[in-house]
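Inside the fold
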Amino acid sequence: MNSSHRIPQLLFRTTFVIGALAFLAGAVSPALADSAFFAPQTKIRLSVVQWIPSKGQFDRLDGISGEYTVSDSGIISLPFLGSLAVANLDNEGLTIEIAKRLQAKMGLTQAPAVTIDVLDYSSIYVVGDVMAPGEYKFRSGLSVLQSLAMSGGPLRAAAQQQSQAIRLAGDLRDIDHSLLRSSAKLARLQAEMAGAKEIVFDQPSAADRQYAESIYEEERVIFQARASALDRQSVALVELRNLLTAEIETLEEKLKGSDDNIQSVEEQLTSVKTLVQKGLSISSRQMDLERLLTTYRSDRLDLVTAIMRGRQAINETTRSLEGLSDTRRNELATELQAEKANLDQLKLKRDTTQQLLVEELASGASVKNYNEELPLTFIVSRREKGEVSQFQASEMTELAPGDVVKVTRVRTADASSEDAAALPVQTGANVSQVSR
């Protein structure tokens, strides 16, 4: 091949190499051009290519290329190269270090081209006087003000205290209703225990009168239903006992008739035996009378057994009738004891909730509306080169991966003294109003 053909081919290869290098240089993301160090838990994608003169092309080294995560100690583990500390290296320094180590390890005449893309940064943390402190995802260009917005904004103490007071007031109202229901049930159980015809309820307050009337009506319905059920059971047992008594009387009458029949057959059998012995009667007549006597005696035994079973059933019915009242009283005593314990627990719970509401209203009185307007301070903790440093930041300060932002609401001594002076308020009246 002559020189006129080799010159265009050489120019083409030179142009290709320059274009490839320019492409690799342009592939670096804006974040990689920053001089920021790699924070722990940063996820990167490593790409390594090598120029092969014999092929006239770049080959990707897949053995070392791939995705890696920086450990908490600032180390990444690479195939063939082993562990590499990156805590004190920025993007440019890490690419140079990897290329240099690969060149030395592989004995290359020229260092390979290394590019690093950051896939995911380590999270930032927002703590302090914010609505939702916690961990948040980092993105490039994130400012302190944006992190404050991500965490729900400044802590609104007055709103939270008001919400807590409303919740406690609702709990107190629910406990009052439970107390009313428990007191009504207790009055009904006591009336049942005493065998009263009506229930005597306590007089409710004016605010609870309508609700109390509905509860009292329900208890009256239960009272009447249980009394009716007890009466029906008693009547059914009495009727069963009367029926068994009448049945026994009938059986006893049959038993008398059976005894008469047996006596009559025995007399006839005695006469027939005498006649048979004298030859005046046939023996078949005697056998018929003996069979009839056996039948009568068997029937008598059945009647006696039926009478005994009837009397046993009467005794069981009488015991059930007598025990019906005792069983009912035992059940009432158990329910009464359980309901008294429940009433005591509700009273204790009401006292505790009321005390919490009083304390909440007292503490809420010290929170002024201008608390929402108090200035905020921001302290950023950042790890660099293995050391943690803190500095005061403004709303527009840009954050780095892994930063911890502490938000503090500044409270002056004057504001604290004014808050303390505002504490004595009519908390008892407030509790009464809110609970109603």
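None of the values given here were measured: they were computed from a predicted structure.

Here's the deal with the overall build of the protein chain
The secondary structure content of the protein chain amounts to eight helices and 11 strands. For the protein chain, with 436 residues in total, the buried portion stands at 31%. Put simply, 67% of the contacts in the protein chain that link residues at least 6 apart link residues at least 24 apart.

Quick notes on the pattern of salt bridges
Using the criterion set out here, one finds 21 salt bridges in the structure. The partner of Glu-217 in a salt bridge is Arg-220, and the shortest N-O contact between them spans 3.5 Å. Placement of both Glu-217 and Arg-220 in helix α5 (residues 209–278) is noted, with a separation of three residues, approximately one turn of the helix. For Arg-220, a relative accessible area of 33% puts it in the partly exposed group.

Regarding the confidence of the model for the protein chain
Looking at the protein chain, the pLDDT average stands at 79 and 81% of residues meet or exceed 70. Low pLDDT, under 50, characterises residues 1–34; the stretch is placed with 22 contacts to residues that sit more than four places away or in other chains. For the stretch residues 413–436, pLDDT sits under 50, and the model shows 31 contacts to residues farther than four places along the chain or on other chains.

Here we look at the side chain of Ser-182
You can see Ser-182 is positioned in helix α4 (residues 157–194). In this structure Ser-182 touches Glu-339, Asn-342, Leu-343 and Leu-346, once residues within four positions along its chain are discounted.

Here's the deal with unusual backbone geometry
Positive phi, close to 70°, is recorded for Gln-41, a residue that is not glycine. Structurally, the position occupied by Gln-41 is in the loop between α1 (3–26) and β1 (43–52). You can call Gln-41 partly exposed: its relative accessible area is 43%.

Focus: the packing of aromatic side chains
Any two aromatic rings considered together are summarised by their centre-to-centre distance and by the angle between their planes. The final tally for this structure, using the stated rule, is two aromatic pairs. Taking the centre distance of 4.1 Å and the plane angle of 10° together, the rings of Phe-201 and Tyr-216 count as stacked. A residue pair is termed long-range when its members are at least 10 positions apart, and Phe-201 in the loop between α4 and α5 and Tyr-216 in helix α5 qualify at 15 residues.

Structural notes on the layout of surface pockets
To find the voids left in a structure, one rolls a probe of water-molecule size over its atoms. As a volume, the second largest pocket reaches approximately 450 Å³. Of all the secondary structure elements, the ones that give two or more residues to the lining of the second largest pocket are α4 and α6 (283–364). Broken down by class, the residue content of the lining of the second largest pocket amounts to 10 nonpolar, five polar and seven charged.

What about helix α2 (residues 91–106)?
With 16 residues, α2 ought to run about 22 Å at 1.5 Å a step, and its terminal C-alpha atoms sit 22 Å apart, in line with that. For α2, the full list of buried residues reads Asn-91, Leu-94, Thr-95, Glu-97, Ile-98, Ala-99 and Leu-102. Summarising the contacts, the buried residues of α2 are in contact with β1, β4 (75–78), β5 (82–85) and β6 (113–120). Among the residues trailing α2, Gly-107 stands out with phi positive, at a value near 65°.

Re the sheet that holds strand β10 (residues 387–393)
Each strand in a sheet pairs with another by means of backbone hydrogen bonds, the pair being arranged parallel or else antiparallel. The strand order β8-β7-β11-β9-β10 describes an open sheet built from five strands, whose pairing is mixed. Of all the strands in the sheet, the pair left with one neighbour each is β8 (134–136) and β10. Strand-to-strand twist of the sheet, defined as the mean angle between neighbouring strand axes without regard to direction, takes the value 25°. Two elements, strand β7 (residues 124–128) and β8, share three bridges in a ladder whose sense is antiparallel. What sits directly across from Val-126, in β8, is Gly-134.

Looking at the nonpolar core
Within the largest apolar cluster, 35 residues are counted, with the highest numbers of intra-cluster contacts made by Leu-46 and Ile-98. There are two domains that each give this core at least three residues, and those are domain 1 (42–120) and domain 2 (126–155 + 374–409). Sequence-distant contacts of Ile-98, that is, excluding residues within four places in its chain, are made with Leu-46, Leu-78, Leu-81, Leu-84, Val-114 and Ile-116. Formed by 10 residues, the second largest nonpolar core is a distinct cluster that contains Ala-191, Phe-201, Tyr-216 and Phe-223.

Observations regarding the environment of Arg-300
The residue Arg-300 is located in helix α6 in this model. In this structure, the C-alpha to C-alpha distance between Arg-300 and Lys-254, residues 46 residues apart in sequence, is 8.5 Å. With residues near it in sequence (within four places) discarded, Arg-300 still touches Leu-255, Ser-258, Asp-259 and Ile-262.

What to know about the environment of Gly-195
Tracing the backbone through its elements, the reader meets Gly-195 in the loop between α4 and α5. Distance from Gly-195 to Ala-227, taken between C-alpha atoms, is 9.3 Å for residues 32 residues apart in sequence.

What to know about α5
Relative to the 104 Å expected for 70 residues at 1.5 Å per residue, α5 spans 103 Å between its end C-alpha atoms, a close match to the ideal helical length. Residue Gly-279 follows α5 closely and has a positive phi angle near 80°.

Let's talk about the pairing of β5
Pairing of β4 with β5, which is carried by four bridges, proceeds in the antiparallel orientation. For Leu-78, the partnering residue across the bridge sits in β5 and is Gly-82. Remark: three residues form the turn of the hairpin made by β4 and β5, two consecutive strands paired antiparallel; Phe-80 in that turn has positive phi of roughly 75°.

A look at the environment of Ala-196
Looking at the secondary structure, you find Ala-196 in the loop between α4 and α5. Residue class for Ala-196 comes out partly exposed when judged on its relative accessible area of 33%. Ignoring anything within four residues of it in the chain, the contact list for Ala-196 reads Ala-191 and Phe-223.

Reading the values: rules and limits
- Counting from 1, residues in each chain are numbered in the order their sequence is written.
- Only residues with pLDDT of 70 or above have their local features reported here, since the model is predicted, and side-chain atom pairs are shown and tallied only from 80 upward, although totals for entire chains, interfaces and linings are computed over all residues.
- Side-chain descriptors were evaluated using all non-hydrogen atoms of the structure, hydrogens and water having been removed beforehand.
- Counting from the N terminus, the helices are the DSSP runs of H or I reaching at least four residues and the strands are the DSSP runs of E reaching at least two.
- Each residue is placed in one exposure class: buried if its accessible area under a 1.4 Å probe, protein chains only, is under 20% of its type's maximum, exposed if it is over 50%, and partly exposed if it falls in between.
- Whether two residues touch is decided by their heavy atoms; if any such pair falls within 4.5 Å, the residues are in contact.
- Any carboxyl oxygen of Asp or Glu that lies within 4 Å of a side-chain nitrogen of Lys or Arg is treated as forming a salt bridge with it.
- By definition, pLDDT measures how confident the predictor is in each residue, and it falls between 0 and 100.
- Only Phe, Tyr and Trp rings take part, Trp by its six-membered ring, and two of them pair if their centres are within 6.5 Å. Stacked means planes under 30 degrees apart, edge-to-face means over 60, and tilted covers everything else.
- Only protein atoms enter the calculation, which uses a 1 Å grid: trapped sets of points that fit a 1.4 Å probe without letting it out are cavities, open sets showing protein on both sides within 12 Å along at least five of seven lines are pockets, and any residue with an atom within 4 Å of a point is a lining residue.
- Grid points are joined across faces, edges and corners, and a volume is the space filled by probe spheres set on the points.
- Gly is put with the polar residues, along with every residue not named as nonpolar or charged; the nonpolar set is Ala, Val, Leu, Ile, Met, Phe, Trp, Tyr, Cys and Pro, and the charged set is Asp, Glu, Lys and Arg.
- In this analysis, the expected span of each helix is defined as 1.5 Å times one less than the number of residues it contains.
- Whether two strands pair depends on DSSP finding at least two bridges between them.
- The axes used here are C-alpha line fits, helices contributing only the stretch in contact, and every angle between their N-to-C directions lies in the interval 0 to 180 degrees.
- What we call a nonpolar core is a set of buried Ala, Val, Leu, Ile, Met, Phe, Trp, Tyr and Cys residues that are connected through their side-chain atoms within 4.5 Å.
- Domain start and stop points were drawn from an automatic or database domain assignment.

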